[in-house]
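Structure assessment
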Amino acid sequence: MKMKSYKEVITINPLVRLGKACVRDTRITVADVLEYLASGMSENEIVQDFPQLTIDDIHACLSYAAESEKH
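Residues numbered from 1 in each chain as written. Predicted model: local features only at pLDDT ≥ 70, side-chain atom pairs only at ≥ 80, totals over all residues. Heavy atoms only, no water.

A short note on the overall build of the protein chain
Cut-off, in case you're wondering: Elements are defined by DSSP. Helices are runs of H or I of four residues or more, strands are runs of E of two residues or more, and each kind is numbered from the N terminus. Based on C-alpha atoms, the radius of gyration is set beside the globule rule, defined as 2.2 Å times the residue count to the power 0.38. Burial classes: relative accessible area under 20% of the type maximum marks a residue as buried, over 50% as exposed, and values in between as partly exposed (1.4 Å probe, protein chains only). Residues count as neighbours in contact if any of their non-hydrogen atoms are within 4.5 Å of one another.
Along its length, the protein chain carries three helices and two strands. Counting helices and strands in the order they occur from the N terminus, the protein chain gives β-β-α-α-α. The C-alpha atoms of the protein chain give a radius of gyration of 12 Å, which matches the 11 Å a tight globule of 71 residues would have. Projected onto its principal axes, the C-alpha positions of the protein chain cover 30 × 25 × 20 Å. Counting the 71 residues in the protein chain, one finds 25% classified as buried. Here the analysis covers contacts within the protein chain between residues at least 6 apart in sequence; of these, 41% occur between residues at least 24 apart.

Brief notes about helix α1 (residues 30-38)
Defined as follows: For this quantity, the arc is that covered by the directions from the helix axis to the C-beta atoms.
Three or more residues of α1 are buried, namely Val30, Asp32 and Val33. Looking straight down α1, one finds that the buried residues subtend no more than 160 degrees of arc, so they occupy a single side. Across α1 from its buried face, at more than 90 degrees, point the exposed residues Glu35 and Ala38. In the core, the buried residues of α1 are packed alongside β1 (10-12), β2 (21-23), α2 (43-49) and α3 (55-70).

Things to note about the side chain of aspartate 57
Going by this rule: Any pair of nitrogen or oxygen atoms within 3.5 Å is treated as a polar contact; in protein, a donor-acceptor pairing is required on top of that, and neighbouring residues in sequence qualify only through side-chain atoms on both sides.
Residue position: aspartate 57 is located in helix α3. For aspartate 57, a relative accessible area of 4% corresponds to the buried category. Side-chain polar atoms of aspartate 57 contact the side chain of arginine 24, separated by 2.3 Å. What aspartate 57 contacts, discounting residues up to four positions off in sequence, is Val9, Val23, Arg24 and Gln52.

Right under this line is the structure:
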(Lines give C-alpha, C1' and ligand atoms only; values in the text may rest on other atoms or scores of the structure.)
Protein backbone atom coordinates (compact mmCIF):
# COMPACT_ATOMS: atom_id res chain seq x y z
CA MET A 1 0.00 0.00 0.00
CA LYS A 2 1.46 3.33 -1.11
CA MET A 3 1.41 6.20 1.36
CA LYS A 4 -0.29 9.41 0.29
CA SER A 5 1.91 12.33 -0.57
CA TYR A 6 2.29 14.71 2.34
CA LYS A 7 0.74 17.32 0.04
CA GLU A 8 -2.57 15.46 0.39
CA VAL A 9 -2.37 15.55 4.20
CA ILE A 10 -0.58 18.73 5.27
CA THR A 11 -2.45 22.01 4.86
CA ILE A 12 -1.54 25.62 5.46
CA ASN A 13 -4.34 28.04 6.21
CA PRO A 14 -3.45 31.54 7.40
CA LEU A 15 -6.57 31.49 9.60
CA VAL A 16 -5.57 28.29 11.45
CA ARG A 17 -2.70 28.24 13.95
CA LEU A 18 -1.22 31.39 12.42
CA GLY A 19 -0.63 29.68 9.09
CA LYS A 20 1.52 26.87 10.43
CA ALA A 21 1.49 23.55 8.58
CA CYS A 22 -1.31 21.40 10.04
CA VAL A 23 -2.60 17.89 9.53
CA ARG A 24 -5.67 17.95 7.27
CA ASP A 25 -8.59 19.77 8.86
CA THR A 26 -7.20 19.69 12.38
CA ARG A 27 -5.40 22.28 14.44
CA ILE A 28 -2.55 19.82 15.07
CA THR A 29 0.63 21.19 13.55
CA VAL A 30 3.51 19.32 12.00
CA ALA A 31 5.66 20.82 14.76
CA ASP A 32 3.33 19.35 17.40
CA VAL A 33 3.70 15.88 15.92
CA LEU A 34 7.48 16.22 15.65
CA GLU A 35 7.67 17.33 19.27
CA TYR A 36 5.63 14.31 20.38
CA LEU A 37 7.96 11.99 18.49
CA ALA A 38 11.07 13.77 19.80
CA SER A 39 9.79 13.43 23.36
CA GLY A 40 9.73 9.65 22.92
CA MET A 41 6.06 9.04 22.14
CA SER A 42 5.49 6.19 19.71
CA GLU A 43 3.30 6.59 16.66
CA ASN A 44 0.67 4.40 18.32
CA GLU A 45 0.71 6.53 21.49
CA ILE A 46 0.18 9.68 19.43
CA VAL A 47 -2.77 8.11 17.59
CA GLN A 48 -4.24 6.96 20.90
CA ASP A 49 -3.95 10.48 22.37
CA PHE A 50 -5.16 12.15 19.17
CA PRO A 51 -7.63 9.78 17.47
CA GLN A 52 -8.19 12.23 14.62
CA LEU A 53 -4.64 11.38 13.48
CA THR A 54 -3.52 8.27 11.64
CA ILE A 55 -0.12 6.63 11.30
CA ASP A 56 -0.10 7.89 7.69
CA ASP A 57 -0.64 11.44 9.00
CA ILE A 58 2.43 11.08 11.21
CA HIS A 59 4.46 9.80 8.26
CA ALA A 60 3.22 12.77 6.21
CA CYS A 61 4.49 15.11 8.93
CA LEU A 62 7.90 13.47 8.76
CA SER A 63 7.93 13.72 4.95
CA TYR A 64 6.92 17.37 5.10
CA ALA A 65 9.65 18.13 7.64
CA ALA A 66 12.26 16.30 5.58
CA GLU A 67 11.25 18.18 2.43
CA SER A 68 11.21 21.50 4.29
CA GLU A 69 14.69 20.85 5.65
CA LYS A 70 16.03 20.54 2.10
CA HIS A 71 15.07 24.13 1.36
